[in-house]
Amino acid sequence: MAVQPLTDQEIQQRLGQLPGWSFADDRLSRTYVFKGHPQAAGMVAEIATIQVELDHHSELTLGYNKVGVSVNTHSAGGKVTALDVELAGRIEEIAPRHGARAD
């Protein structure tokens, strides 16, 4: 069964459970800031493990002390689906372990 895009209303409701995340251009996005590069890189490595587990992948941008995450579902026409919300939620769960703070 194909994954169905969420409506704008559904996305806005789910964003209420994802502090710091935003919705624009058919993507969920967030930037995290860290003390330094090792913490940021560690977060990227753990996100990669989660993505493999979910078989769903985001676009990640690693800077010196920042990680940008942007996600949508290609198989749903590049729209946001429940898979994206699940991935964002999993990322939120691990962020404190890496010392992440909002940009």
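Residues numbered from 1 in each chain as written. Predicted model: local features only at pLDDT ≥ 70, side-chain atom pairs only at ≥ 80, totals over all residues. Heavy atoms only, no water.

Participant: What is the right way to look at the overall build of the protein chain in this model?
Facilitator: Each helix and strand in the protein chain was counted, giving three helices and five strands. Going residue by residue from the N terminus, the α and β elements of the protein chain occur as α-β-β-α-β-β-α-β. Computed over C-alpha atoms, the radius of gyration of the protein chain comes to 13 Å, within 12% of the 13 Å expected from 2.2 N^0.38 for 103 residues, which places it in the range of a compact globule. Sorting the 103 residues of the protein chain into buried and exposed places 40% on the buried side. Element-wise, carbon and sulfur atoms account for 51% of the exposed surface of the protein chain, whose accessible area totals about 5,800 Å². Within the protein chain, one finds 9 positive and 13 negative side-chain charges whose respective centroids are separated by 8 Å. (Helix = DSSP H or I, 4+ residues; strand = E, 2+ residues; numbered from the N terminus. Rg over C-alpha atoms; globule rule 2.2 N^0.38 Å. Buried < 20%, exposed > 50% of the residue type's maximum accessible area, 1.4 Å probe, protein only. Areas by Shrake-Rupley, 256 points an atom, 1.4 Å probe, with all protein chains shown as cover. Lys, Arg positive; Asp, Glu negative; His and termini not counted. Charge placed at Lys NZ, Arg CZ, Asp CG, Glu CD.)

Participant: I tried to follow the pairing of strand β4 (residues 66–71) on my own but got confused; where do I start?
Facilitator: Two faces make up the sheet, and in a regular strand the side chains alternate between them. The buried count for β4 comes to five of six residues, which makes it a mostly enclosed element. Where strand β2 (residues 27–33) lies against β4, six bridges are found, and the strand directions are antiparallel. Bridging from a neighbouring strand, Arg30 pairs with Val69 of β4. As judged from the four bridges shared by strand β3 (residues 59–62) and β4, these two strands associate in the antiparallel manner. Bridged to Thr61 within β4 is Gly68. Counting the residues that bridge the hairpin from β3 to β4 gives three residues. (Pairing = 2+ DSSP bridges.)

Participant: Help me understand the nonpolar core, please; the structure alone is not making it clear to me.
Facilitator: Nonpolar side chains tend to gather and get buried jointly when the protein is soluble and globular. Counting residues in each nonpolar core, the largest one holds 24 residues, and the members touching the most others are Trp21, Leu28, Tyr32, Met43 and Ile91. Counting residues per element, this core draws most heavily on helix α2 (residues 37–54), at six residues. Ignoring any residue separated from it by four or fewer positions in sequence, one finds Tyr32 in contact with Trp21, Met43, Asn65, Lys66, Val67, Val69, Ile91, Glu92, Ala95, Ala100 and Arg101. (Core = buried A, V, L, I, M, F, W, Y, C linked by side-chain atoms within 4.5 Å. Contact = heavy atoms within 4.5 Å.)

Participant: Sorry if this is basic, but what is going on with the pattern of salt bridges here?
Facilitator: A pair can form between side chains of opposite charge whenever their charged atoms are brought close. Inspection of the entire model under this criterion finds five salt bridges. With a closest N to O distance of 3.0 Å, Glu59 and Arg27 form a salt bridge. Taken together, the residues Glu59 in strand β3 and Arg27 in strand β2 connect sequence positions 32 residues apart. For Arg27, a relative accessible area of 18% translates into the label buried. Across the salt bridge formed by Glu46 and Arg97, the nearest N and O atoms sit 2.2 Å from each other. Note that Glu46 is positioned in helix α2 and Arg97 in the loop between α3 (82–94) and β5 (101–102), a separation of 51 residues in sequence. In this structure Arg97 comes out as exposed when scored by relative accessible area, which is 58%. (Salt bridge = Lys/Arg side-chain N within 4 Å of Asp/Glu carboxyl O.)

Participant: When you look at the environment of Val33 in this model, what are you seeing that I'm missing?
Facilitator: One can find Val33 in strand β2. Remark: the alpha-carbon pair of Val33 and Tyr64, spanning 31 residues in sequence, is separated by 9.3 Å. Apart from residues no more than four positions distant in its own chain, Val33 is found in contact with Asn65, Lys66, Gly99, Ala100, Arg101, Ala102 and Asp103.

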